[in-house]
Amino acid sequence: MKTALRYIAASIALLAALAPVYWLITISLKREVDQFAYPPQWIGFAATLEHYRDAFSNASFGTYFGNSVLLAALSTLAALAAGVPAAYGLSRFEWARSWDLKIGDWILSTRMLPPIVTIVPLFLMLRQAHLLNSLIGLAIVYTGFNLPFVVWMMRGFFDEVPREVEEAAMLDGETRGGALLRIVLPLVKPGLAATAVFCLVVAWNEFLFALILTQTDSAMTLPVGIASRVTQYEIKWGAMSAAGVVAMLPVLVFASAAQKYLVRGLSLGAVKG
Amino acid sequence: MNTRVTSEKPRHSWRRLPQGFWWTLPSIVVLIALSIYPMIYSVRLAFGDLGNFTRLISDRTFGIATVQTIVLTAVALAAEFVLGLALALLVDSLSRAKSIFRAGLLVPMLLPPVVAAVAWRLIYNPQFGVLNGTLRQLGVNTSALTWTNGHNSALLSVIVVDIWEWTPFLFLLLSAGLQAIPPDPIEAARIDGAGPWRLFRDVTLPLLKPTILLALLLRAMDLVRIFDQIFILTQGGPGTATETVSLYIYRTAFRFSNFGYAAAMSFVLLAATMLFSRGLMRVMRAR
Amino acid sequence: MLRLAFLAPVVWLLCSCNRAPEKSLTIAVNAGVEGTALKTAAKEWGAAHGVKIEVVELPYANLFEKEQLDLSSRTGAYDVIMIDDPWFPRMADGLAALPHEPDADFIASCVAVTRAGGKTLALPYVGNSQLFFYRKDLFAKYKMDAPKTWDDVLAGAKKIGESEKMYGYVMRAAAGNAVVADFMPLLWAFGGDVLDASQKPVVDSPAAIDALRFMLQLGKYSPPGYAGFNADEVSAHLLQSTALMSINWPAWIAAMDDPAKSKVVDKIDFIPMPGERAPGVGELGTWLIAVPAASKHSADAFDFLFWSTDAPQQKQAALRGNPPTRRSVFQSPDLVGKFRAFPAQLAALESARPRPRTKLWNEIENTFGIYLSKANAGAMDPAAALHAASEEIAQILQRAR
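In every chain, residue numbers begin from 1 and rise along the written sequence. Each chain takes a letter, starting from A, and each ligand takes a number, starting from 1, following the order in which they are written. Reporting in this predicted model follows two pLDDT cut-offs: at least 70 for local features of residues, and 80 or more for side-chain atom pairs to be given and counted; totals over whole chains, interfaces and linings ignore these cut-offs and use all residues.

On to the overall build of chain C. A helix here means a DSSP run of H or I that spans at least four residues, while a strand means a run of E at least two residues long, and both kinds are numbered starting from the N terminus. Looking only at helices and strands, one finds 18 helices and ten strands in chain C. Its C-alpha atoms give chain C a radius of gyration of 23 Å, near enough to 21 Å, the size a compact globule of 401 residues would have. Projected onto its principal axes, the C-alpha coordinates of chain C cover approximately 70 × 55 × 50 Å. The globule rule is 2.2 Å times the number of residues to the power 0.38, and the radius of gyration it is compared with is taken over C-alpha atoms.

What follows is the structure, given as structure tokens:
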């Protein structure tokens, strides 16, 4: 009896979590006359792909999608390239008078900076560097706010690996860089994957920076494209929902593939504080 | 890759060398350029005209935005914590289909916030939204239920969206924390005859405390700066019913072109965030 | 695999950066009927002149922000921008002066809002001004004349609305642009204004308070929740024949006579704004097109500007749903036959009044709109709301000094 109640409660929660998403999907598949029909049609409506065609052939969502993919990949790679060595350094070396704690704290605390605080200076900096309205400029900015997370999560994973592992390799003539690349990184692969997924999701979903730092379709991302259809005079709900569905699919696929590591990575970080 | 260290000779004395610094250098440089420098720039912009700060005190909209940001943060944080913890305990206690529930419950937090907000606009619309449609089906008179369009209901409607979207985050972290608790102390307490409530209060909760604090800290940081969802759902309206500090800063900077005043408000937001997070971090360290 | 993942985006970026520069124009337009017409024209012009056209369509509020950021920081991202006339004073500093003056065929009220510091900085593209929409069939049924004063409006709303069981009036009172636009004609008709001749706020003058009280009386005949309405809700009520009268923009005229969208084809008449203590006057809402001073293609951009506002192009734009800004186009016989409201539109446009010409209009409108919306929602007494608005507008003006 108690068990049954538990399952019922969990199912209600699951339903509440998924119903809005399901509704968005149905709107993207319904003909315009059915979208806002009363009573609401949850199932059994005539499905159409016209909104998907509309969003990706007539409107610029194809371009936005490409931009988003490229941006997420570039910024994630950059954040890993800078952040992994830092995490390793913080995990492995003795620091005078707990400086590691201070630097570690400091790196994490930059993450707490509200984006609205830095956006005006970043706009001016990118303009100076002629990187406004460009994917590279946006990728640089995204690297900045993903970096603290990379350092914080990867440090937890490196701490898990005993030092003796690479000390042995270094006695065998391996350099430290080599030991990191060939011995340690393979051991923390799951952690690396979780961290990368985290960065990808954050970059993919980001809105405020992309809104301000892009000016034409050539650099706009999916969230900006979707948002600029919503405040319009007349809202094209079908095309917008279709774009929304396409925008959420990659994140869901990625995250469910790495879900196991995601939980572990976060809990390691959490336990280490 | 990092060239500094490849030339190093492996000896047992390497621990004493300050090389750790070189490893962190690229990150430090990036963060100085992209976080610290812009922050200093903002602060200079704000203090360039001290009138910005006297204006803050008498600015009614800023007052409203501040109060609403605090209300929104407090209410959403409390609700998300309670729901997240309950869900984490509930799912943890299930014997089967655990991973299905876990994966499904995480979906809302993975969506782009913009997409989530679009979905909720479809739901909330008073004329043709599915929420009022369903209520009407159940025989409820929905003519007064205007959700995000109503002066009194707008802020609550926005909070509901945030709870829906971010309870999964609390759930995720707390689930991870629960999994990391070693089984021994729970067993020991159970043998001592502790009931489920005592078990939870005296054993599970204290062991979960660091995770809880971290989760609250991360979530509070994001709530204080909330922007995306409100920008799509209400743009701060109707009137100032859902105006928040981030939104007001955005409007001041980009619609009214007053960068100095926007910077002054950001400075307040930043100072509040830092004070708050310092406090929480201290509590965490002192556990 | 990892290496490939790393290389692919880099290679792609390098390729895309090395594309040879070509003749191009980037045009920022309002997402909606006004922008669509300009977009179509731009594509035609580009094809004829061998210029690559990139059009950025942005929603109203976002359009202002993007353009203003581009102008104030001189990024040169856009070569032609669409400007709503109240934005013009704020944007004027960043615009390039026209190489020659516009001809005399343009309607004077539209050209007046393109000048700053003795220079002409933009051309009027869409000749918008508010009109009064009312159900002539129902007014005839109850033997009432077309409303000439706001008292007539109120009387009609009461009598016809109650007998026909429909809303006598519908207005938009969502905070911001919407409620201010629907209040201005009332304010002016009652003899009030936002700023006086010395640029001091007078929104809490006795005339203004009377105007707001009158607006709340009209509100009694408006659909519930109108304090959150925007243009689409107002027009929906007219189209569905659930409301009798409203202030509206010419962009909606076509929809009213379109059987696919409307239940009131040929039943609505479009007339100049009612008066009260002063003659009625509508608000000007002209869309301008201009070239940012930082544009790197200003010669081409100006060619396009003059081309797209010449008489043949304006005729095309009119057929695409945009009211023209040239007298000759308003009076061209083949168009008058198609658009029955053109004479009324021309008269309204010639007498239309712009919103106060100040750089601070966005801030003032924002503040003013919040208090008007609060009064309409019943959250504040009209006099108290206007006193508070006046005080805050005074502060806005004070700070800018």
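All names here are of chain C. Strand order in the open sheet formed by five strands is 2-1-3-10-6, with mixed pairing between adjacent strands. Of all the strands in the sheet, the pair left with one neighbour each is strand 2 (52–58) and strand 6 (123–126). For this sheet, the mean inter-axis angle between neighbouring strands, taken without regard to orientation, is 30°. Paired strands, in this sense, are two strands between which DSSP finds at least two bridges. Pairing of strand 3 (residues 80–84) with strand 10 (residues 287–290), which is carried by four bridges, proceeds in the antiparallel orientation. Looking across to strand 10, one finds that Ile-81 is bridged to Ala-290. Each residue gets a C-beta atom placed from its backbone, and two residues are in contact if those atoms lie within 7 Å. To obtain each axis, a line is fitted to C-alpha atoms, and for helices this fit is confined to the stretch in contact; angles are then taken between N-to-C directions over 0 to 180 degrees. Across the sheet, helix 3 (residues 60–72) lies against strand 1 (24–30), strand 2 and strand 3, angled at about 140° from strand 1, the strand it touches most.

Let us now look at the interface of chain C and chain B. Contacts between chain C and chain B engage 19 residues on the former and 13 residues on the latter. Elements supplying a minimum of two residues to the side of chain C that touches chain B: helix 3 and helix 17 (361–376) of chain C. Three classes are used: nonpolar for Ala, Val, Leu, Ile, Met, Phe, Trp, Tyr, Cys and Pro, charged for Asp, Glu, Lys and Arg, and polar for all others, with Gly counted as polar. Of the residues that constitute the side of chain C that touches chain B, the class distribution is nine nonpolar, six polar and four charged.

The next thing to look at is the domain arrangement of chain C. Residue and element names in this part refer to chain C. Throughout, the edges of the domains are those of an automatic or database domain assignment. When cut into domains, chain C gives domain 1 (22–126 + 287–351) and domain 2 (131–282 + 358–400). Using C-alpha coordinates to define each centre, domain 1 is positioned 28 Å away from domain 2. With twelve residues of domain 1 at the interface, the matching set in domain 2 holds 14 residues. For the side of domain 1 that touches domain 2, the secondary structure elements donating two or more residues are helix 4 (88–91) and helix 16 (342–351). The dominant element in the side of domain 1 that touches domain 2, judged by the number of residues it contributes, is helix 16, at five residues. A breakdown of the residues in the side of domain 1 that touches domain 2 according to their chemical character gives eight nonpolar, three polar and one charged.

Residues and elements named next belong to chain A. On domain assignment, one finds that chain A holds domain 1 (1–48) and domain 2 (52–272). A C-alpha centroid distance of 32 Å is found between domain 1 and domain 2. Contacts between domain 1 and domain 2 engage six residues on the former and six residues on the latter. Contributions of two or more residues to the side of domain 1 that touches domain 2 are made by helix 1 (2–29) and helix 2 (32–35).

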